[in-house]
Amino acid sequence: MENFCCDRPNPVLQFIYLMMIGGIYYFISKTCFNYIPGYYLSGVHRYTSLLAVGVGVLLFLFTSFSDPGTVKAENVSQYISAYPYDNVIYSEKECSTCKIPKPARSKHCSICDRCVARFDHHCGWMNNCIGERNTRYFMAFLLWHFLICIYGTVAIGLVLAGQLKELRVVYILTVYYGIENSFRSLVPHIVQWLLASYNTQILMMVFLAIVSLLLAGFFGYHANLCLTNTTTNETFKWQDYISWQKKLNEARASAAALKAGISGMRIEGEPPKSKWRSIFRKSTTENVQVTKNNIYDKGFFHNLLEIIFPLSMRSSFLQTKSKSG
Ligand SMILES: [Zn+2]
Ligand SMILES: [Zn+2]
């Protein structure tokens with residue numbers, strides 16, 4: 001039982017993903033393929049849709065079974081040379097479990113029981129960590145699945161539009177039913193006709209549209225992290241660091257206020273200072289800005305390159321490092 005829980009690697013979510021993508025593709029092919037080729041879609045979409053799903057599954061397998069950047073005794077020096085310690089959120093340490101030095105930006109994954117370079121997060125769906133070497137596959141996976149969902153939504157929309165055209169619905173509505181030939185008066189009748197005749201297809205279209213929005217959000221979040229060269233793990237680290245620094249500043253400010261109060265009591269004969277001045281002074285000490293200084297952020301273009309060609313895998317980087325070191 002213990003082996004089959006969330007604190008150990010298990011492939012349940014991987015199976016669920018495969019069942020889902022396979023099931024959805026099968027269902028869409030059953031309900032929509034008999035309308036392809038249609039007025040707006042050529043027969044080639046029967047094959048391109050299969051190809052799109054196939055590439056999606058391939059990206060899933062790549063992300064699931066690729067090495068995220070496992071840090072071992074034999075490669076630890078390579079990972080250490082990739083990123084310097086910033087001495088803010090990362091300082092030189094040893095992993096208490098692996099008994100090897102911890103490269104900057106790495107983390108020990110408690111589920112996989114290994115240290116992973118540039119650790120982002122442990123992905124349950126992939127049953128793998130997302131780290132320095134497979135963030136690119138993970139991002140490609142998200143982007144591709146977003147595009148598949150958009151493709152599916154548009155394709156089903158075109159199937160329905162094609163049916164509308166082929167069955168001459170507008171013509172029938174205006175000529176036989178005497179409905180005014182304007183967008184406003186036709187739309188309710190067309191929607192009614194679509195809902196009555198193609199409810200399964202409409203359901204699939206809405207489902208794919210919702211999933212594509214969710215994927216867009218998820219991809220956007222991770223793309224922003226990639227372009228600022230921050231990992232999900234680091235966003236938590238920075239949050240902790242900033243809240244800790246804020247607390248420290250508050251403690252310093254109240255200690256200073258206490259000190260000022262004591263010295264004020266000593267010089268009782270002095271005239272009281274302006275109330276506004278003291279408020280202003282208080283607010284300036286409290287608003288000391290705690291900023292995130294991410295030394296790994298090398299600018300939009302270099303950050304993107306780092307995702308596509310991880311630092312620890314670049315031969316040029318390693319050679320220059322070994323020359324200088
Ligand atoms: Zn470790
Ligand atoms: Zn893991």
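Small disclaimer: the values here were computed from a predicted structure and weren't measured.

Student: For this particular structure, what's the right way to read the nonpolar core?
Tutor: Most often, soluble globular proteins have nonpolar side chains that are buried together. V116, F138, L142 and I156 are the most contacted members of the largest nonpolar core, which totals 36 residues. Looking at this core, the elements that each hand over two or more residues are α1 (12–32), α2 (45–65), α3 (76–82), β5 (114–116), β7 (128–130), α4 (135–166) and α7 (199–227). In terms of residue count, α4 provides more of this core than any other element does, 12 residues in total. Discounting residues that sit within four places of it in the chain, L142 has contacts with L215, F218, F219 and H222.

Student: Before we go on, may I ask you to explain the confidence of the model for the chain in this structure?
Tutor: Reading fine detail from the predicted coordinates is not recommended where pLDDT is low. Across the chain, the average pLDDT comes to 89, with 88% of residues at or above 70. Scored below 50 in pLDDT, residues 320–325 shows 1 contact in the model against residues more than four places distant or in partner chains.

Student: How do you make sense of the sheet that holds β5 when you look at a structure like this?
Tutor: The strands making up a sheet are joined through hydrogen bonds of the backbone, oriented either antiparallel or parallel. The strand order across the open sheet formed by 3 strands is β1-β5-β4, and the pairing between neighbours is antiparallel. Strands at the two margins of the open sheet, each flanked by one partner only, are β1 (70–71) and β4 (107–109). With 3 bridges joining them, β4 and β5 adopt antiparallel strand pairing. If you follow K107 over to β5, its bridge partner there is V116.

Student: Looking at this structure, how should I read the UniProt feature "transmembrane region" (unreviewed entry) in the chain?
Tutor: UniProt tags residues 12–28, 49–66, 137–161 and 202–221 as "transmembrane region" (unreviewed entry). As annotated, residues 49–66 has a helix share of 94% and a strand share of 0%, and its two end C-alpha atoms lie 26 Å apart. What you have in residues 137–161 is 100% helix and 0% strand, and the ends, taken at the C-alpha atoms, are 35 Å apart.

Student: What am I meant to see in α4 here?
Tutor: Residues separated by three or four positions in an α-helix point in the same direction, a consequence of the helix having 3.6 residues per turn. The terminal C-alpha atoms of α4, which comprises 32 residues, lie 46 Å apart, in line with the 46 Å expected from a rise of 1.5 Å per residue. Note on α4: the residue one or two positions beyond its end, R168, has a positive phi of about 50 degrees.

Student: Looking at this model, I keep getting lost on the environment of I295. Mind explaining?
Tutor: Tracing the chain through its elements places I295 in the loop between α9 (275–286) and α10 (300–308). Spatially, the C-alpha atom of I295 lies 9.2 Å from that of Y85, the residues being 210 residues apart in sequence.

Student: Can you walk me through the environment of I111 in this structure?
Tutor: Examined against the element boundaries, I111 turns out to sit in the loop between β4 and β5. Residue I111 is classed as partly exposed on the basis of its C-beta count, with 15 C-beta atoms lying within 10 Å. A sequence separation of 13 residues divides I111 from G124, and the C-alpha atoms of the two residues are 9.8 Å apart. Apart from residues lying up to four places away in sequence, I111 is in contact with D7, R8, P9 and H122.

Calculation notes
- Residues numbered from 1 in each chain as written.
- Chains lettered and ligands numbered in written order.
- Predicted model: local features only at pLDDT ≥ 70, side-chain atom pairs only at ≥ 80, totals over all residues.
- Core = buried A, V, L, I, M, F, W, Y, C linked by C-beta atoms within 7 Å.
- Buried ≥ 20, exposed ≤ 12 C-beta atoms within 10 Å, placed from the backbone.
- Helix = DSSP H or I, 4+ residues; strand = E, 2+ residues; numbered from the N terminus.
- Contact = placed C-beta atoms within 7 Å.
- pLDDT = per-residue confidence, 0-100.
- Pairing = 2+ DSSP bridges.
- UniProt positions renumbered as here; feature names shortened; annotations may be inferred.
- Expected span 1.5 Å × (residues − 1).

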